[in-house]
Amino acid sequence: MAGIEANMRQDIAPAVIEAADIDAAADATPVLGPAASGMLRYLASFAMTALATAAAVGIDSKVAIPNLSLIFVIPVIIAGLSFGLGPSFLSAVLGALAFNFFLTEPRYSLSVDDPANIWAIGLLFVVGLVVSGVAFTSHQRAAEVSRLNRQAIVLQGYSRDVAAADSVKAIVSLTCRALAALFHAPVVVMLMSGDRVILLEKTGDAELQEPELEAARASLATGSTVRGGVYPDIASRFDFWPVQAAGDSNAVLGIAFDPDERPARPDLSVNVVRSVLAMGLALQHARPTRDVELQS
């Protein structure tokens, strides 16, 4: 235990440990980039609407069915649940146009002779929009529940592991892994004594630049969260949270969120991690004293 205290006070080079299991998930490069993935979602929505159109035309050629336009609601629902609001909205628009073009008189024209068909097309479009919104909202709520459940499992495991950890280095490494599992983003966890970094753990491509180190020091000095990319820390990719620990060593948590995928309220989970980390560091700080008292 004396080695732990010495490690907390020596000005050593940052020790960087890669969390291999988290990095494998966080750093995995998708086969398709975000732009290509988005395009595929719209193409899939288009394809489903085309299939619905083919089915509707085939059915209409065999038998007259009232409310055949409702077949175009199916791709809207599927797109809303699977691909998001944009592709679902596209299905609603394409469905209304396809119904007008293939199934209303005059056929194969966007002009409408019968006023009743105008109402039918308009109603189909409105129904498509409503269903699109409802399906997307349901999907978002289900995804949020799944995300919260996953985060709860990660935080429970992290708390248990920190309580069982036997060194400061292990606690810092566990913290780094937990944050990476929670947010799937590059993470740094720094143990600091004054302005000096005495222990550093990271996942992903979390290479700190000097402006980011300054932002981390500012977060610790002010005791407040510093958000990256925002004045006065425009050059920093990381959001930093300070952790006030026992003794003369404190910690800073840094997460480099994707600007387009930044969670709405990351502080809720990060604050739990901060509390557990502070408790774990306090236990490690008090353990040598406790051991001496037991021996005496």
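Structure shown above.
Definitions and limits used
Residues numbered from 1 in each chain as written. Predicted model: local features only at pLDDT ≥ 70, side-chain atom pairs only at ≥ 80, totals over all residues. Heavy atoms only, no water. Helix = DSSP H or I, 4+ residues; strand = E, 2+ residues; numbered from the N terminus. Buried < 20%, exposed > 50% of the residue type's maximum accessible area, 1.4 Å probe, protein only. Pairing = 2+ DSSP bridges. 1 Å grid on protein atoms, 1.4 Å probe; cavity = no way out; pocket = protein on both sides within 12 Å on 5 of 7 lines; lining within 4 Å. Points joined across faces, edges and corners; volume = space filled by probe spheres on them. Nonpolar A, V, L, I, M, F, W, Y, C, P; charged D, E, K, R; others polar. Contact = heavy atoms within 4.5 Å. Axes fitted to C-alpha atoms, helices over the stretch in contact; angles between N-to-C directions. Parallel < 35°, antiparallel > 145°, perpendicular 65-115°, else oblique. Left-handed = near helix turned anticlockwise from the far one by under 90°. Arc of directions from axis to C-beta.

### Looking at unusual backbone geometry
Generally, phi is negative for residues other than glycine and the peptide bonds are trans, each holding for most cases. Along the chain, Glu 105 connects to Pro 106 via a cis peptide bond; the corresponding omega equals -5°. The residue Tyr 108 is not glycine, and still its phi comes out positive at about 60°. On the secondary structure map, Tyr 108 appears in the loop between α5 (85-103) and α6 (115-164). For Tyr 108, a relative accessible area of 57% corresponds to the exposed category. Of note, the phi angle at His 184 is positive, near 50°, even though the residue is not glycine. Among the structural elements, His 184 can be located in the loop between α7 (168-183) and β1 (187-193).

### Regarding the pairing of strand β3 (residues 239-243)
β3 sits mainly inside the fold: five of its five residues count as buried. Every second residue of β3 is oriented toward a common face, with Asp 239, Trp 241 and Val 243 on one face and Phe 240 and Pro 242 on the other, all of them buried. As paired elements, β3 and strand β4 (residues 250-255) share five bridges and run antiparallel to each other. Bridged to Val 243 within β4 is Ala 251.

### So, the layout of surface pockets
In this structure, the second largest pocket occupies an estimated 270 Å³ of space. Every residue lining the second largest pocket is listed: Gln 140, Ala 143, Glu 144 and Arg 147. Taken together, the residues that form the lining of the second largest pocket break down as one nonpolar, one polar and two charged.

### Considerations on the side chain of Thr 49
In this structure, Thr 49 sits in helix α3 (residues 34-62). Contact partners of Thr 49, with chain neighbours within four places excluded, come to Pro 75, Ser 91, Leu 94 and Gly 95.

### Focus: the sheet that holds β3
Reading across from one edge, β2-β1-β4-β3 is the order of the four strands in this open sheet, with antiparallel pairing throughout. With partners counted over all chains shown, the strands left at the sheet margins are β2 (196-203) and β3, one partner each. On average, each strand axis in the sheet is tilted by 20° relative to the strand beside it, whichever way the strands run. In this sheet, β2 lies alongside β1 in antiparallel orientation, the contact comprising seven bridges. In the strand pairing of β2, Ser 193 is matched with Arg 196.

### Comments concerning the packing of α5 against α6
Interhelical geometry of α5 versus α6 gives an angle of 165° and a closest axis separation of 9 Å. For the element pair α5 / α6, the angle class is roughly antiparallel. The two elements α5 and α6 meet at a crossing, and its hand is right-handed. On α6, the residues that touch Leu 85, Ser 88, Phe 89, Ala 92, Val 93, Gly 95, Ala 96, Phe 99 and Asn 100 of α5 are Ala 120, Ile 121, Leu 124, Phe 125, Gly 128, Leu 129, Ser 132, Gly 133 and Phe 136. Of the residues assigned to the contact of α5 with α6, the class counts are twelve nonpolar, six polar and no charged.

### Thoughts on helix α4 (residues 73-82)
Along α4, the positions that sit buried rather than exposed are Val 73, Pro 75, Val 76, Ala 79 and Gly 80. What you see down the axis of α4 is that its buried residues fit within an arc of 160°, all on one side. Positive backbone phi, at 115°, marks Gly 84, one or two positions downstream of α4.

Spatial relationships are all this shows, so hold off on functional conclusions.
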